[in-house]
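Geometric and topological summary
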Amino acid sequence: MTSSFQVVLIDDDPDLRKLVQLTLEFTAGWEVTTAANGGEGIEAIRRVKPDVAVVDFMMPEMDGYEVCRRLKQDPETADIPVVFLTARKELDEVKVAEIGARGVVVKPFEPGELAERLLELCGGEV
Amino acid sequence: MSREYAEDFLGEDELLAEIFREFRQGLPERVEQIRASLEVLAEGYDRQAAELFYRTAHTLKGTAPSFGAHELVEPATVLTEVGKRWYEEGSVNLAELAAVRGDLELLNAAVERYASGSEGDASE
């Protein structure tokens, strides 16, 4: 894993944001920018141009699908891999693929295993 | 505590313990949000209250295990399922209220056990 790997994490739960940020920064050495909602997250992604965007699926106002749709419509962010975080096991994998997301990490997850799972989903591009 | 302060003065283990502590300390507020929205719904359907009830329970269900709070998952799941149904149907089944209040008390009891430090230590 490289130390310059950039992640933008969008999740409306502040405790989970802090836990995931700490875990990815300390265990993987990645740089993590966090956002509490879809609007802030899209701004952060446009600014940071991360190697991967980790997006909570169910958020108020703008859900993960909408965040992903907007990112894929914007030529500046269309190529950034999007991985959904979700507690919803029934999340439609076909729809996830259709909308251009790289995959799903189902909550609950072991924070220490998240970096490995993201690497798997991104096909080792990170 | 700001993250900058934490990084300057605390190590990884202490930071993790602080994040766990903040999660633990915030649990009563989450339970109170669910309780308050339930009491609004008991007076009649309110979309905002239904959404808050559903989302708060759903978020807790997803977040708790990452903090070792596994005992919270079952009652949070039950509340999530009820809240989702009420939110999507746009109505509250008043006949379910007593049972839902009981489920909320189960969640509260689980929170109290977790907050007492019996599980979920960051060092585990």
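Before reading on, note that the structure itself is shown above.
Just so you know, these numbers come straight off a predicted model, no measurement behind them. (Residues numbered from 1 in each chain as written. Chains lettered and ligands numbered in written order. Predicted model: local features only at pLDDT ≥ 70, side-chain atom pairs only at ≥ 80, totals over all residues.)

Section: the nonpolar core
Most often, soluble globular proteins keep nonpolar side chains buried together rather than apart. To be explicit about the condition: Nonpolar cores are built from buried Ala, Val, Leu, Ile, Met, Phe, Trp, Tyr and Cys residues. These are joined into a set through C-beta atoms within 7 Å. Here a residue counts as buried when 20 or more other C-beta atoms fall within 10 Å of its C-beta, as exposed when 12 or fewer do, and as partly exposed in between; the C-beta atoms come from the backbone. Think of it this way: any DSSP run of H or I at least four residues long counts as a helix, any run of E at least two long counts as a strand, and we number them from the N terminus.
Counting residues in each nonpolar core, the largest one holds 70 residues, and the members touching the most others are Val7(A), Ala53(A), Val54(A), Val55(A), Phe53(B) and Leu72(B). Of all the elements, helix 2 (residues 12-42) of chain B adds the most residues to this core, at nine residues.

So, the interface of chain B and chain A
Spelled out, the test is: Whether two residues are in contact is decided by their C-beta atoms, placed from the backbone, lying within 7 Å. All amino acids are sorted into three groups, where Ala, Val, Leu, Ile, Met, Phe, Trp, Tyr, Cys and Pro are nonpolar, Asp, Glu, Lys and Arg are charged, and the leftover types, Gly among them, are polar.
The partner chain A presents 15 residues to the 15 residues of chain B that form the contact. When residues of the side of chain B that touches chain A are traced back to their parent elements, those giving at least two are helix 2 and helix 3 (47-63) of chain B. In terms of residue class, the side of chain B that touches chain A is made up of five nonpolar, six polar and four charged.

Some remarks on the sheet that holds strand 4 (residues 82-86) of chain A
Residue and element names in this part refer to chain A. Worth spelling out the cut-off: A pair of strands counts as paired when DSSP detects no fewer than two bridges linking them. Whenever a helix is involved, its axis is fitted only over the stretch in contact; in every case the axis is a line through C-alpha atoms, and angles between N-to-C directions fall within 0 to 180 degrees.
Taken in spatial order, the five strands line up as 2-1-3-4-5 in an open sheet, and their pairing is parallel. Edge positions in the sheet fall to strand 2 (31-35) and strand 5 (103-106), since each has one partner strand and no second. Direction aside, neighbouring strands of the sheet carry axes that sit 20° apart on average. Of the strand pairs in this sheet, strand 4 and strand 5 are connected by four bridges, and their pairing is parallel.

Considerations on unusual backbone geometry
Residue and element names in this part refer to chain A. In this structure, Lys49 is a non-glycine residue whose phi angle is positive, near 50°. By the element assignment, Lys49 lies in the loop between helix 2 (38-48) and strand 3 (52-56). Among the residues examined, Lys49 registers 13 C-beta atoms within 10 Å and is labelled partly exposed. Although it is not a glycine, Glu61 adopts a positive phi angle of roughly 75°. Within the secondary structure, Glu61 is located in the loop between strand 3 and helix 3 (64-73).

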